[in-house]
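# Structural overview for review
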2 protein chains.
Amino acid sequence: MLALVFEDALHLVDIDPPIPEPHEAVVRVHRAGICGTDLAISRGYADVRGVLGHEFVGEVVDAQMAPQWIGRRVVGEINVACGSCGRCRAGLGNHCSRREVVGVRGRDGAMAEEVVVPVSNLHEVPDVLDDDAAVFVEPLAAAFRIIEQLDIDASTRVGVWGDGRLGLLIAMAMATTGCGLTVVGRHSHKLDLVRHTGATLRRSDDVMRPDFDVAIDATGRSAGFADALRHVRPGGTVVVKSTLAEPLSLDATRLVVDEITVLGSRCGPFEPAIEALAAGTIDPRPLVEMVYPLRHGLEAFEHASRCGALKVLLDPRS
Amino acid sequence: MLALVFEDALHLVDIDPPIPEPHEAVVRVHRAGICGTDLAISRGYADVRGVLGHEFVGEVVDAQMAPQWIGRRVVGEINVACGSCGRCRAGLGNHCSRREVVGVRGRDGAMAEEVVVPVSNLHEVPDVLDDDAAVFVEPLAAAFRIIEQLDIDASTRVGVWGDGRLGLLIAMAMATTGCGLTVVGRHSHKLDLVRHTGATLRRSDDVMRPDFDVAIDATGRSAGFADALRHVRPGGTVVVKSTLAEPLSLDATRLVVDEITVLGSRCGPFEPAIEALAAGTIDPRPLVEMVYPLRHGLEAFEHASRCGALKVLLDPRS
C-alpha cells in the first residue's frame, strides 16, 4: 500500500499493509490531516521514523476480536499505553513512559491507505459529520484538553495567541465555554475565520492590558509565548500548546512576583470534540485549504509548510 | 536614626525617624533578616531605592488609631495594597498593581531603628518565640505559600532543590505536611540542618528517577530550575521561588508532552508560620550564622553575600 514514510527524509513509498494484533483494528483511511508536529517530524524533530499521521478518519475493515466495529466510520485516539506500569494503573495512561503514539512514536500512522490502532482507541463518527470535519477530532480534542485542565467559564477572560491551524481550533473550543474570548494573530483573513464566535479579534501588535485570566500560546514561536506571558494577569495561567524546538525564555521575576502558572497541554478528550462537531457548534472545515491525493503527499507537505498555510488534508483513496 | 539605605550603593546613614499615618504603627526593630532579594537589591536589582529590609520583628512604640498595639511584639506582612482597585476588591491585594512593599517598593524597610507599617499588617508574636526565631516568620510564610497553592499531603512526593536559606526553610515547611520529602543540595553540612525532618537528603549530582509530584526550585540558579524540571513526573508541578535576574530556559517539548505545570510562588500566610514556630515544629535558628549590630550593617551584607552563607541578622539596638 502507499504510505508517507519518514526515514532520513520524507518519502512516498509502497509498503506491506500492516498486520493487526487480535485486539487491534485495521482502518481504511479516508482523510489524514497534516499538523505542525508532522511538519516538525519531516524536518527531523524527535528522531521519529515510520509512517506519519495521527489525525485521521476512516472505516474499520478488520477487527478480529471486535467484529462489530467492521464497517463503522471511526476516528482514533493516538496514545497506546502499556496498561501495566504505575502511571497506567494510576489512570495516567497518556503519560505512560512506555506508550506508543500513532504516527509519532513506535507505531505507524495514518498517512497510508490503512492504519492499525487498538479497538479501545476507536470512537465512532456520527453520520452527520463528513470526513473533512471528522478529521479534526484529534486536534480539536487537544484544544478541549485545556478546558479539562482549567476551570473556564463565562467569567474567565481568555486570550488565544496564534491564528494558525491550532490557534483557530483552540479559539473555537474556548468559545463553547462562553468565556470572554480574545484571539490575537497576525493575519486578518485568518482571524476572520473565528469572527462568528463573537471573539474580540486583535492584531498581535495591538496594545492590550495585561489582564487575561488565561493566555494560551499556540503560535509555535517563543516570541508568541513571551507575548502571552506579558498579557496574563497576576495569578493567571499561560497555557503552552506548541512543542517547539527552541527553548522558551521565562522571566523568573515576573513568574514569581506575579505568581503566574505556566501549563503544558497535549492530547485531549475525543467526546466533547465529536459532540461539538456533530452539533455544529464548531465547524472547522473553513480551515481546509486543500485535499491532496496521498500520491501527491510530498506536494501536500510542501503546501502545509508554507508560511501561513492552514489545514492540508490527504486522501488515500483518490 | 541609623538605617541601611540603597541609593546608588548601599549606605549606612543617619535619617529622620519615619512619621506614621494615623492607621500605621511605628515598630522599634529588634531583628531584621538579610535575604536573597536584599542582596540582589544591593546589587541594583529592580531599581529599588530607600531603606531595605522586609523580614523583621520588633515592638510597637506608636499606633495612633490602635493604641492597644503599643508595647506588643510583632512581625509584619510586607504588601500594602491600595484597597480600592479591581484586584484588591477581588481579594488579590497581594497582586495589587499599586501596592507598596515594605523595604522593596515605595516603602522604607526594617533595616533601621524603626519601621512604619499599617496596623492591619501586624501579627503579634507569642512570648514563646524569641526574636531570632520570629524574624523568620516572613520567609517561612513564603514557604507555606506553596502549601496554600498546591494540594500536598502524605502521598505527595516533594523535592526541594537548594540548600540555602530559602531552600532549607521550604524543606522545613514541607515536612509539616508529612509528604515524602527529598532535599537536594550541594553542601552536606547544610543538608544536615534538615536531617531531623526525616527528609531524604541528596547531593545535586545524585542520579534520581524523574518521579516527583512537586519539584521546588529554591536554588536561585537557572541550572537548578532545569534540574527540578528534569525530575518532575509527567503531570507534575515545578514551583519557582527564586526571583532571578537571568531568564529561565524552558524546554517547551518537555513542558507540553509531559503536561508539566510551572508555578511562581511569592509571599505567603503568616498564621501557619507563626503556629509552626510557636509549636516548635519548626526551629529555624540553626540557620542563623551571625547577628550583627545595625551599625555594622555593611559588613553583615558582605557576610550574607558570601557563597554558601546562611542567615545573617541585624540588631538595631546593640
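The structure we're discussing is the one just above.
Within each chain, residues carry numbers counting from 1 in the order of the written sequence. Following the order in which they are written, the chains are lettered starting with A and the ligands numbered starting with 1. In view of the model being predicted, local features appear only for residues whose pLDDT reaches at least 70, and side-chain atom pairs are presented and counted only at 80 or more, with totals across whole chains, interfaces and linings using the full set of residues. Values reported for side chains reflect all heavy atoms of the structure, with hydrogen atoms and water molecules removed beforehand.

Bringing the environment of Thr281(A) into the picture now. All names here are of chain A. Of note, threonine 281 is situated in the loop between helix H9 (270-279) and strand E19 (288-293). Taking C-alpha positions, threonine 281 is 8.6 Å from methionine 172, a pair spaced 109 residues apart along the chain. Any two residues whose heavy atoms approach within 4.5 Å at even a single point are treated as in contact. The contact partners of threonine 281, leaving out residues within four places of it in the chain, are Thr176 and Ala276. Where helices and strands are cited, they refer to DSSP runs of H or I of at least four residues and of E of at least two residues respectively, numbered from the N terminus.

Now for the interface of chain B and chain A. When the parts of a complex come together, some accessible area is lost, and that lost area is often used as the size of the interface. In this complex, chain B contributes 34 residues to the contact, which on the side of chain A involves 35 residues. Once two parts are put together, the accessible area they lose, assessed with a 1.4 Å probe and summed over both, is termed the buried area. Carbon and sulfur atoms make up 57% of the surface buried where chain B meets chain A, a total of about 2900 Å² over both sides. It is His95(B), Val256(B) and Glu259(B) that lose the most area in chain B upon contact with chain A, and together they represent 21% of the buried surface on that side. We count a salt bridge whenever a side-chain nitrogen from Lys or Arg sits within 4 Å of a carboxyl oxygen from Asp or Glu. Applying the counting rule to chain B against chain A returns 2 salt bridges. The residue Glu259(A) makes a salt bridge to Arg145(B) at a minimum N-O spacing of 2.8 Å.

Take the packing of aromatic side chains next. Two aromatic rings are characterised by how far apart their centres lie and by the angle between their planes. Residue and element names in this part refer to chain A. Here is the rule: rings of Phe, Tyr and Trp (six-membered ring for Trp) pair when centre to centre is within 6.5 Å. Planes less than 30 degrees apart are stacked, more than 60 are edge-to-face, and the remainder are tilted. This model, assessed by the stated rule, comprises 2 aromatic pairs over all chains. Consider the rings of tryptophan 161 and phenylalanine 212, whose centres lie 5.5 Å apart with planes at 80°: the pair is edge-to-face. Here the residue tryptophan 161 occupies a position in strand E12 (residues 157-161), and phenylalanine 212 occupies one in strand E15 (residues 212-217), the gap between them amounting to 51 residues. Judged on exposure class, the residue tryptophan 161 and its partner phenylalanine 212 are both buried. Against the face of tryptophan 69 rests arginine 72, its NZ or CZ located 4.2 Å from the ring centre. Remark: exposure states derive from per-residue accessible area (1.4 Å probe, protein chains only) relative to the maximum for the residue type, with buried under 20%, exposed over 50%, and partly exposed in between. A positively charged side chain is recorded as over a ring if its NZ (Lys) or CZ (Arg) lies within 6 Å of the ring centre. The angle to the ring normal must also be within 35 degrees.

Residue and element names in this part refer to chain A. Note: two strands are recorded as paired if DSSP finds a minimum of 2 bridges between them. Read across the sheet, 3 strands follow the order E2-E1-E4 without closing on themselves; strand pairing throughout is antiparallel. Strands at the two margins of the open sheet, each flanked by one partner only, are strand E2 (10-14) and strand E4 (50-51). As defined by bridge partners, strand E1 (residues 2-6) adjoins E2 across 5 bridges and the pair is classed as antiparallel. Residue pairing for E2: valine 5 is matched across the bridge by histidine 11.

Using the criterion set out here, one finds 40 salt bridges over all chains in the structure. The shortest N-O distance in the salt bridge between Arg145(B) and Glu148(B) comes to 2.8 Å. With a gap of 3 residues between them, Arg145(B) and Glu148(B) both fall in helix H4 (residues 137-149), about one helical turn apart. The closest approach of N and O atoms between Asp258(B) and Arg254(B), which form a salt bridge, is 2.3 Å. Residue classification places Asp258(B) among the buried positions, given a relative accessible area of 15%. Salt bridges sharing partners connect three or more residues here, namely Arg157(A), Arg209(A), Asp211(A), Asp213(A) and Arg233(A).

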